[in-house]
Amino acid sequence: QVQLVESGGGLVQAGGSLRLSCVASGRTFTSNAMAWFRQAPGKEREFVAAISWTGSTTHYADSVKGRFTISRDNAKNTVYLQMNSLKPEDTAVYYCAARAGVVAVSGYDSWGQGTQVTVSS
């Protein structure tokens, strides 16, 4: 498995931006597809974005397309989520996740502890 530590969450006004970071250790980082998920209070955890180990392939949930960008720096074992034009409905705990092999929207087996993002109206 991979150990994941997220950072970068916080409180921001609607329309603002945040960048989340996730540092990985353990299983070779470049063999992992990486993703971000989120869970709002009272709701199930949902897929946000994913990136292949090369960074050449990305997937996004419809709700964040055009506003969020996932990227990775394999030299730093880090994946990022740049969040722009934030909305109150983006408020959630954001989790970083990893899986061996191809990028996908499910099937992740390593999870971080989460970082809180709160967007005020």
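Check the entry above for the structure.
The structure contained in this document is the topic of the report that follows. Remember, predicted model here, so these are calculated numbers, not experimental data.

### Brief notes about the pattern of salt bridges
Here comes step 1: Counted under the stated rule, the structure contains four salt bridges.
Here comes step 2: Of the charged contacts in the structure, one is a salt bridge between aspartate 90 and arginine 38, with a shortest N-O distance of 2.9 Å. Taken together, the positions of aspartate 90 in the loop between β8 (78-83) and β9 (92-100) and arginine 38 in strand β4 (residues 32-39) put the pair 52 residues apart, joining distant regions of the chain.
Here comes step 3: The class of aspartate 90 is buried, set by a relative accessible area of 1%.
Here comes step 4: Residue arginine 38 is classed as buried on the basis of its relative accessible area of 6%.
Here comes step 5: Sharing partners across several salt bridges, the network here consists of Arg38, Glu46, Arg67 and Asp90.

### Looking at the pairing of strand β1 (residues 2-7)
Here comes step 1: Only one face of β1 is buried, namely the one carrying Val2, Leu4 and Glu6, since none of Gln3, Val5 and Ser7 on the opposite face is buried.
Here comes step 2: Relative to strand β3 (residues 18-26), β1 is paired through six bridges, and the arrangement is antiparallel. Its bridge partner being in β3, glutamine 3 is matched across the sheet by serine 25.

### Regarding the state of the cysteines
Here comes step 1: Under the defined criterion, the tally for this structure stands at one disulfide.
Here comes step 2: Between the sulfur atoms of cysteine 22 and its disulfide mate cysteine 96 the distance is 2.1 Å. The chirality of the disulfide connecting cysteine 22 with cysteine 96 is left-handed, given an S-S dihedral of about -80°. A residue pair is termed long-range when its members are at least 10 positions apart, and cysteine 22 in strand β3 and cysteine 96 in strand β9 qualify at 74 residues.

### Regarding the sheet that holds strand β7 (residues 68-73)
Strand pairing in a sheet is mediated by backbone hydrogen bonds. Such pairs are either parallel or antiparallel.
Here comes step 1: Pairing is antiparallel across the open sheet formed by four strands, whose spatial order is β1-β3-β8-β7. Edge positions in the open sheet fall to β1 and β7, since each of these has one partner strand only. Taking the axes of each pair of neighbouring strands and ignoring which way they run, one obtains an average angle of 20° across the sheet.
Here comes step 2: Bridge count for β3 against β8 is six bridges, and the pairing is antiparallel. From the neighbouring strand, leucine 20 faces β8, where its bridge partner is leucine 81.

### Examining unusual backbone geometry
Here comes step 1: Look at asparagine 77: it is not a glycine, yet its phi comes out positive at around 50°.
Here comes step 2: Locating asparagine 77 in the fold gives a position in the loop between β7 and β8.
Here comes step 3: When its relative accessible area of 29% is taken as the criterion, asparagine 77 is described as partly exposed.
Here comes step 4: Unlike most non-glycine residues, serine 85 shows phi in positive territory, near 50°.
Here comes step 5: Counting through the fold element by element, serine 85 comes out in the loop between β8 and β9.
Here comes step 6: We classify serine 85 as partly exposed; its relative accessible area is 42%.

Parameters at a glance
Residues numbered from 1 in each chain as written. Predicted model: local features only at pLDDT ≥ 70, side-chain atom pairs only at ≥ 80, totals over all residues. Heavy atoms only, no water. Salt bridge = Lys/Arg side-chain N within 4 Å of Asp/Glu carboxyl O. Helix = DSSP H or I, 4+ residues; strand = E, 2+ residues; numbered from the N terminus. Buried < 20%, exposed > 50% of the residue type's maximum accessible area, 1.4 Å probe, protein only. Pairing = 2+ DSSP bridges. Disulfide = S-S within 2.5 Å. Axes fitted to C-alpha atoms, helices over the stretch in contact; angles between N-to-C directions.

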